[in-house]
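Descriptive structure summary
Here are the chains, one letter per residue:
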Amino acid sequence: MATAVHLSRELQPVLLELAEAERAAAQPSGPRPEERELAELTAKRERLAAAANSAQLAVDDMELEILRIQEDERKLKRRELDDKRQLTAETDPERRKDLEHDRYAAKSRIADLLSELKEAHNEIAALRNNRDNHGARLDELDRQIDAARRAVDALPPREAVDTDRLRAKLPDKVLSLYDDISAAAFNGRTCKGCFIQLPPAERAEVLAADADELPTCPNCGTLLVRVSPAE
Ligand SMILES: [Zn+2]
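Residues numbered from 1 in each chain as written. Predicted model: local features only at pLDDT ≥ 70, side-chain atom pairs only at ≥ 80, totals over all residues. Heavy atoms only, no water.

**Details of the pattern of salt bridges**
The full count for this structure, using the stated rule, is 17 salt bridges. Among the ionic pairs, R9 bridges to D212, the shortest N-O distance being 3.1 Å. Remark: D212 occurs in the loop between helix 6 (200-208) and strand 3 (213-215) and R9 occurs in the loop between strand 1 (4-6) and helix 1 (12-26); sequence separation between them is 203 residues. By relative accessible area, R9 is classed as partly exposed at 47%. (Salt bridge = Lys/Arg side-chain N within 4 Å of Asp/Glu carboxyl O. Helix = DSSP H or I, 4+ residues; strand = E, 2+ residues; numbered from the N terminus. Buried < 20%, exposed > 50% of the residue type's maximum accessible area, 1.4 Å probe, protein only.)

Okay, here's the thing in structure tokens:
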């Protein structure tokens, strides 16, 4: 054992709190789980909104297609009626033949259009259904986002640990050593300073130190505060 520093077992958690607070302060603080959840839901909403937009566009396209078919059908019906009307007066056989042929073509095209229209109505029902599903999912997501935002708003401000108060409790000798070599928890297996799992002999050595002393990590040399394995 290189060093063993006296620090009463009552003060050891204070040193550990100080070390962990200063380590946390040295790292940029990432988003908290509630903030991550809100960000994920917001990103999900963007993707779903884009899909909902596509679903709406597909409905719009099909509505235009139906209008086009209906307009074509109206034109053909006028043509067919016009042919019929002309046929009542026309006596020239060649001319009658042309009119009859045109009337037949119009009727046949109208029949095609009616079957197209039927298909388009089936399709638009499915497309509207899809659009409404997206709408319902967006509504549900909005509710989740509201709840997530409330959770974020309700988060307590990030607690700044009063490290001066912690330092004031600790003996100068320990503090100056801590400032040199830092301190970390040891859970019976792993040093939380270097995250190395110590071999059994070294673990035993660390654990054998007096309860009112701080052993050092055989690997990284940091002061070790022994904590229960669960921590
Ligand atoms: Zn270590």
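Having seen the structure, we can now continue with the description.
**A word on the coordination of the zinc ion**
Coordination of the zinc ion by the protein involves C191 (SG), C194 (SG), C217 (SG) and C220 (SG), with metal-donor separations of 2.2 to 2.3 Å. Coordination at the zinc ion is tetrahedral: its 4 donor atoms span angles of 104 to 114 degrees at the metal. Considered as a linear motif, the donors of the zinc ion on their single chain read C-x2-C-x22-C-x2-C. Within this pair, whereas C194 is found in the loop between strand 2 (183-186) and helix 6, its partner C217 is found in the loop between strand 3 and strand 4 (223-226), the two being separated by 23 residues in sequence. Given the relative accessible area of 3%, C217 is considered buried. (Donors = N, O, S within 2.8 Å, 3.2 Å for Na, K, Ca; no water. Tetrahedral: all angles 85-135°; square planar, octahedral: opposite > 155°, others 65-115°.)

**Details of the environment of R68**
With respect to the helices, strands and loops of the structure, R68 is situated in helix 2 (residues 33-89). A relative accessible area of 36% means that R68 is categorised as partly exposed. Separated by 49 residues in sequence, R68 and L117 place their C-alpha atoms 9.8 Å apart.

**Considering the nonpolar core**
L15, L170, Y178, L214 and L223 are the most contacted members of the largest nonpolar core, which totals 18 residues. Contributing elements (two or more residues each) for this core: helix 1, helix 5 (172-181), strand 2 and strand 4. With residues near it in sequence (within four places) discarded, L15 still touches L7, L170, V174, Y178, A183, L214, L223 and V225. One finds V59, M62, L76 and I124 within the second-largest nonpolar core, a separate group that totals 11 residues. (Core = buried A, V, L, I, M, F, W, Y, C linked by side-chain atoms within 4.5 Å. Contact = heavy atoms within 4.5 Å.)

**Let's talk about the confidence of the model for the protein chain**
Reading predicted coordinates in detail is not appropriate for stretches of low pLDDT. Chain-level statistics for the protein chain give a pLDDT mean of 93 and a share of 97% at 70 or above. Here strand 1 is the element of the protein chain with the lowest mean pLDDT, 83, and helix 3 (residues 93-153) is the one with the highest, 97. (pLDDT = per-residue confidence, 0-100.)

**Comments concerning the environment of E10**
In this fold, E10 is placed in the loop between strand 1 and helix 1. C-alpha of E10 to C-alpha of A211: the two residues are 201 residues apart in sequence and 9.9 Å apart in space.

**Thoughts on unusual backbone geometry**
At S182, a residue that is not glycine, the phi angle is positive and equals roughly 65 degrees. In this structure, S182 sits in the loop between helix 5 and strand 2.

**Quick notes on helix 1**
The terminal C-alpha atoms of helix 1, which comprises 15 residues, lie 21 Å apart, in line with the 21 Å expected from a rise of 1.5 Å per residue. Within helix 1, burial applies to Q12, V14, L15, L16, L18, A19 and A21. Summarising the contacts, the buried residues of helix 1 are in contact with helix 4 (163-169), helix 5, strand 2, strand 3 and strand 4. (Expected span 1.5 Å × (residues − 1).)

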